[in-house]
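An overview of the molecular structure
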Amino acid sequence: MKKNLTNINEGLHLPFRIRVSFKKLISEYEQHANSSNPLLADRANKILEVKEQFPILTEGFEEVQVLKDNKSAIKEILEDTFTTVLTKNEIKAATVPFQSLVFNKSKRFKNILKTAGEDFELKIFNVSDDEKYIMACLIILMSHYQVNIDYSRPLFYNIPDENNIMRSYRILYNADYMEMIPTEEAKNLSQEDIRLLLDNFDDIDLWKEKFPPNSYIASGIVISNMFDLTADQSISTLKSNLLIQDKPNQASNDHMIDEFEQIFRSLFKLPELRVGFTLYNEDENMFEAVPIPGVNSYILMDKDSLSCDNSLCNNSYDQLVEKKKYFSISDLERELKNKPENSTFQNLVDSGYKSAVFAPITDKHQVLAILEIISPEAYDLHSVNANKLDNVMPFLLSEVLRSKKAEENHIGAFIQKEFTSIHPSVSWKFEQEAKRYLREESQGHDPDIKDIVFEDVYPLYGQIDIRHSSAARNNAIRKDLKAQLQLLLEIFAETKREEGLPIYDEILFRLEYFSQQIQKEYRTDSEETISDFFEEEIHPHLDHIQNLTSKLEAMVVNYQLSTNQEEGVYHFRKDYDHSVRIINNEMATIIDNKQLEAQQMFPHMFERYKTDGVEHNMFIGASISQSRKFSLIYLQNLRLWQLQTMCEMENAFYQLQSELPIRLEVASLILVHSSPLSIRFRLDEHKFDVDGTYNAKYEVIKKRLDKAFIKSTQERITQAGKITIVYSNKKDENEYKRYLQLLHAKNLVSNNIELLEVEPLQGVSGLKALRADVLYNTTEATDRLYKLEELKKL
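Here the structure is a predicted model, which is why all the values come from computation and not from measurement. (Residues numbered from 1 in each chain as written. Predicted model: local features only at pLDDT ≥ 70, side-chain atom pairs only at ≥ 80, totals over all residues. Heavy atoms only, no water.)

Side note on the overall build of the protein
Which entries qualify depends on this criterion: Strands here mean DSSP runs of E at least two residues long; helices mean DSSP runs of H or I at least four residues long; both are numbered from the N terminus. Computation of the radius of gyration draws on C-alpha atoms alone. For the globule rule, the value is 2.2 Å times the number of residues to the power 0.38. Only protein chains enter the calculation, and the probe is 1.4 Å; a residue is then buried if its accessible area is under 20% of its type maximum, exposed if over 50%, and partly exposed in between. Only the protein chains shown count as cover for residues, and the accessible areas themselves come from Shrake-Rupley with a 1.4 Å probe.
Helix and strand counts for the protein stand at 25 helices and 27 strands. For 794 residues, the compact-globule formula gives about 28 Å, and the C-alpha radius of gyration of the protein, at 44 Å, lies well above that figure. When the backbone C-alpha atoms are referred to their principal axes, the protein occupies close to 130 × 90 × 60 Å. Relative to its full complement of 794 residues, the protein shows a buried share of 48%. Taken as a whole, the protein presents about 40800 Å² of accessible surface, with 47% of it coming from carbon and sulfur.

See below:
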C-alpha cells in the first residue's frame, strides 16, 4: 500500500471513482436471515447486527481511515469469505480495483509483506496507466452494458522474499461484490459506439471520450486471491528474453546475462546461484566456449575448448552425452575425494562452488550444449530440484538452435567472404578456422587468418576433353565471318551500281581480300582484324547506304537482323557454343551425382571445372577426413571408381551425339600421381594449389598432358574413343592393368591395352601411359558392344 494514502482514489485516473462498500456482500446475508438452516440464519443475523452498528460500511466511503477505524467490524463481515483454517495457507486480501490498497489480509499474505520490508510498496507491475483505464472501461461494458467480452489480462505483484529474490504472484480478482453506478457525467453508449470501441482498443482518447473520467461509481469490494507463480513467470520471462534478443553489444549482453541468472535464482530460490553454458562439438567430441563475451563456462573455466575425455568422468559423460540426462552433484567436495582426477570438479571446488547441476540441451538425440547451474553451498542443488529444469529446457533448445543457425550463417558468410565456395569434405577445417578467428575477434583481439593446409594427400586428376576444340571453334568463327563478308559484298556491289563512286571499288576489294584470306588461312588475329574493319570502316556507311533505294534499305535491314552487335554473324559459333554447353552440362551432372556416392566410401576433396570439356581434381588422405581413419585401400578404391566413372561418361557422351548441333569428339585422360603431396588454400586467389616447388611439377604435367605426343611420333596420347592413363612407375602400371581387366570383364573397355611412352614435357620425363578402347552401347536392341572406330563404320 502506498505510504500516507488518505483517499482510496488517490493517484488513480479511471472512468470511475471507487467507493468501498459492503452493501452487495451484506445483501447475501439478508437473504439467509430467514433460512431454515439455523446455523446459516444465526450467522446471517450476526452480520446484519454489525451492519446496523456500522452503517457507513454499507453506505460506502473513500477515506482510508474508515478502514482502519472499522477493522474489527470488517473482519467479522468477511469472516466467511476468509476462512480462518486456511489463513496460513491462502494468499488472500480484500481490495479495490487497480489500487495497491489491501485490507483484511490472510496470515500468509501478511508474512509475505512483512518479509518484503517496511519500505516495500505493493503495486501491480505489468500494467500501464492507459491499460488500467481501458480495462476499467471494459469492466463497465461487461457489467453495465452486458457486452460479452472475452478479455483476460493476467495481473501480477512482484514481492521480494527473505533472500531478496523477487517472487511473482498472479492476482485473481473476485468482483462479485462490486457494482457500477453511472453518474450524470456518464454517456449513454449506442451499439455503434460500442462497436467503434471494440475496433479501437489502443485509442485511449476514444475510450476517454466515451467513458469520461469519474463518470461512474465503482461501489463494493474485490476479493483478491494470489498464487505464487514464480516458476511459471520465470519460464515466461526467460522465453520472452530469448525471443527479443538481437545481436547484443557488450552492455546489453551483460544485462541479459544478469537477468538470466536472476530468472534461475527465482526458479530455484537460491540467491547465490550462477549459470553457465558450454557448447558440445559431437564431431570432435569436444566442449567449446560460447563465443559471446560474458557467457561463462564452468566446465571449461578459462579455456576455449577441451576434450570431453579430459573434462568429465565416465559417469558424468555417460549421463550427459550418452543417456542425455541431467547430472547433479550435491556435494562437490565429497565427490572430488572419490574422483580426484576430475579437472572440472577440481576447478569448481577451487572457485568456491559446492553443488552443481549439468543439463544437456538436446535435439533429435543430439547433444548441442550443456546448461550449467552451480551454487556455493552443498546440497543447494541435487537430483530432485534438478527436475525444475524440465519446463525450461524446450525454450533453451529453441534458443540454442536459433543461435546455432545464426553461428552457421555467420561462419558461412565468413567462409564465403574469405575462402569462396568450399567442398563439404573439407569445410570442417574452414569452420574450425572461422570459429577460432571469430572467437578471438569477439575477445577484442585482431587475429590473422591462418593458412588452410592439407598434408600428405594423394591427388587424382581426370578430364574428358573436347578434341580439337580450338580448331572447331575457329572453323565456326571462320564460317560466320565468311557469311558476314558475303552479305557485305552483296550490299556494296549493289551500292556501286547505284552511285558508281570509286571508293566502293576500294571497299569491295578489301571485302574480297578478307573473304579469300580466311578461306585459305585462318590466323589467331583474323577475327579481331576483320571485326575492327567492319566496325570502323564499313558500319559507319550503312546509314547512308540504306537511304539510297528501298532495295538497299531492305538489304541493310537484313544484314542488321543477321548480325549480333558484339559478334557479327553468330550462327555457326552459336551451334558450337551450344554443343559445348550440352556436353559440359551432361558430363558435369554425371560426375557430380556419382561424387555423392563416392563421398560415402571415404571423404575426399573434389573440384570440377568446365572448360572445353570437364576436368576434375580429387585429393584423398588422412588429413582430409575429420574423423575416419585413412587406409590406402580407399585410395585404390577411388582410383577404380574414377576409371569406371569416366568410362560411363564416355558412353553417356556417345548417346548424346544426336542432340548436338555440331558433331564433336571427346578424349578421356587420367593422371596418376603415386606420391602424397600437400595442398594449400590461396586466400588471394580463393582456391587450392599444390604446395611446394617439387609438387608444383604435378600442375605442370596436368596443363600440358592432353597435348602431349607418344614418344618419337606425332600422335597424341589422347584419342577419341580411348581412355588414357598416364603414370610414372611400374607399381601404378600393374595396379591400373588390374582395373582395366576388371572393366573389360564388365564390358566397359576392350582387352586391347596399349603400353605407351610419353614424350618428355618441360622438366618432366619418364612418363608412360596405358590406353584402352572404350566399349559403347548402341541404342539398338542388341547385346553387342562397339569400339568408336566400329561405330563410325555402321
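Quick notes on unusual backbone geometry
Even without a glycine there, the phi angle at Asn 104 is positive, about 50 degrees. For Asn 104, the location among the structural elements is in the loop between strand S3 (102–103) and helix H6 (107–116). In the Ramachandran plot, Gln 146 falls in the positive-phi region, its phi being about 55 degrees despite a non-glycine side chain. Tracing the backbone through its elements, the reader meets Gln 146 in the loop between helix H7 (129–143) and strand S4 (155–160).

Here we look at the nonpolar core
Heads up, the rule is: What is meant by a nonpolar core is a set of buried Ala, Val, Leu, Ile, Met, Phe, Trp, Tyr and Cys residues, joined one to another through side-chain atoms within 4.5 Å. The contact rule is simple, with two residues in contact once any of their heavy atoms fall within 4.5 Å.
Ranked by internal contacts, the top residues of the largest apolar core, which has 73 residues, are Phe 16, Phe 22, Leu 78, Leu 141, Ile 159 and Phe 211. In terms of residue count, H7 provides more of this core than any other element does, eight residues in total. The residues contacting Phe 16, other than those within four sequence positions of it, are Pro 97, Phe 98, Ala 136, Ile 140, Met 180, Asn 214, Tyr 216, Ile 217 and Ala 218. Counting residues in each nonpolar core, the second largest holds 31 residues, with Val 426, Ile 452, Ile 624 and Phe 688 among its members.

Some remarks on the sheet that holds strand S14 (residues 366–375)
Here is the rule we go by: Two strands qualify as a pair provided that DSSP identifies no fewer than 2 bridges between them. Axis lines are fitted to C-alpha atoms, over the contacting stretch for helices. Their N-to-C directions set the angle, which ranges from 0 to 180 degrees.
Taken together, six strands build an open sheet; the order of strands is S11-S10-S9-S14-S13-S12 and the sheet is antiparallel. Each edge of the sheet is formed by a strand with only one pairing partner; in this case those strands are strand S11 (305–307) and strand S12 (327–329). Strand-to-strand twist in this sheet, taken as the mean axis angle between neighbours without regard to direction, amounts to 25 degrees. Here strand S13 (residues 355–363) pairs with S14 via nine bridges, running antiparallel. Across the sheet, Val 357 pairs through a bridge with Ile 373, a residue of S14.

Comments concerning helix H17 (residues 469–499)
So the rule is basically this: Here the expected length of a helix is defined as 1.5 Å per residue gap, with one fewer gap than residues.
End to end, H17 covers 45 Å across 31 residues, agreeing with the expected 45 Å (1.5 Å per residue, within 8%). Phi for Gly 500, located one or two positions after H17, is positive at around 65 degrees.

Topic: the sheet that holds strand S7 (residues 216–220)
Spatial strand order, S1-S7-S6: three strands in an open sheet with mixed pairing. What marks the edges here is a single partner per strand, and that holds for strand S1 (16–20) and strand S6 (178–182). Taken pair by pair, the neighbouring strands of this sheet meet at an average axis angle of 25 degrees, ignoring direction. With five bridges joining them, S1 and S7 adopt parallel strand pairing. When the bridges of S7 are listed, Arg 19 appears paired with Ser 219. Set on the sheet, H7 makes contact with S1, S6 and S7; between it and S6 the angle comes to about 90 degrees.

Quick notes on the packing of aromatic side chains
Put simply, the rule is: Aromatic rings from Phe, Tyr and Trp, taking only the six-membered ring of Trp, are treated as a pair when their centres fall within 6.5 Å; an angle between ring planes under 30 degrees marks them as stacked, one over 60 as edge-to-face, and anything in between as tilted. By the criterion adopted, a ring carries a charge over it if an Arg CZ or a Lys NZ lies within 6 Å of its centre and within 35 degrees of its normal.
Overall, the coordinates contain 18 aromatic pairs when judged by the stated rule. Geometrically, the ring pair formed by Trp 207 and Phe 211 is stacked, given 6.4 Å between the ring centres and 15 degrees between the ring planes. With a centroid separation of 6.1 Å and an interplanar angle of 55 degrees, the aromatic rings of Phe 492 and Tyr 504 are classed as tilted. Of the two residues, Phe 492 is situated in helix H17 and Tyr 504 in helix H18 (residues 502–520); the sequence distance between them amounts to twelve residues. Take Phe 492: its relative accessible area is 0%, and that puts it in the buried class. Its relative accessible area of 5% is what places Tyr 504 among the buried residues. Three or more aromatic residues joined by ring pairs make a cluster, and in this case those are Trp 428, Phe 430, Phe 454, Phe 681 and Phe 688. Looking at Lys 92, its charged tip hangs above the ring of Phe 82, at a distance of 5.0 Å from the centre.

Regarding helix H20 (residues 550–562)
To keep it simple, the criterion reads: Summarising the geometry, the arc corresponds to the directions from the helix axis toward the C-beta atoms.
Over its 13 residues, H20 extends 18 Å from the first C-alpha to the last, a length consistent with the 18 Å expected when each residue adds 1.5 Å. Every buried residue of H20 is accounted for by Leu 552, Met 555, Val 556 and Tyr 559. Angular distribution of buried residues about the axis of H20 spans 95 degrees; they occupy a single face of the element. Relative to its buried face, H20 has exposed residues pointing more than 90 degrees away, namely Ser 550 and Leu 561. For H20, the secondary structure elements touched by its buried residues are H17, helix H19 (526–546) and strand S16 (563–564).

Let's talk about the packing of H17 against helix H21 (residues 572–601)
For clarity, the threshold we go by: Oblique is the label for every angle not falling under 35 degrees (roughly parallel), over 145 degrees (roughly antiparallel), or within 65 to 115 degrees (roughly perpendicular). When residue character is reported, Ala, Val, Leu, Ile, Met, Phe, Trp, Tyr, Cys and Pro are called nonpolar, Asp, Glu, Lys and Arg charged, and the others, Gly included, polar.
Here H17 crosses H21 at 150 degrees, and the two axes come no closer than 7 Å. Taken together, the axis directions place H17 and H21 in an arrangement best described as roughly antiparallel. On H21, the residues touching Ser 469, Ala 472, Arg 473, Ala 476, Ile 477, Lys 479 and Asp 480 of H17 are Phe 572, Arg 573 and Tyr 576. When the residues that make up the contact of H17 with H21 are grouped by side-chain class, the tally is five nonpolar, one polar and four charged.

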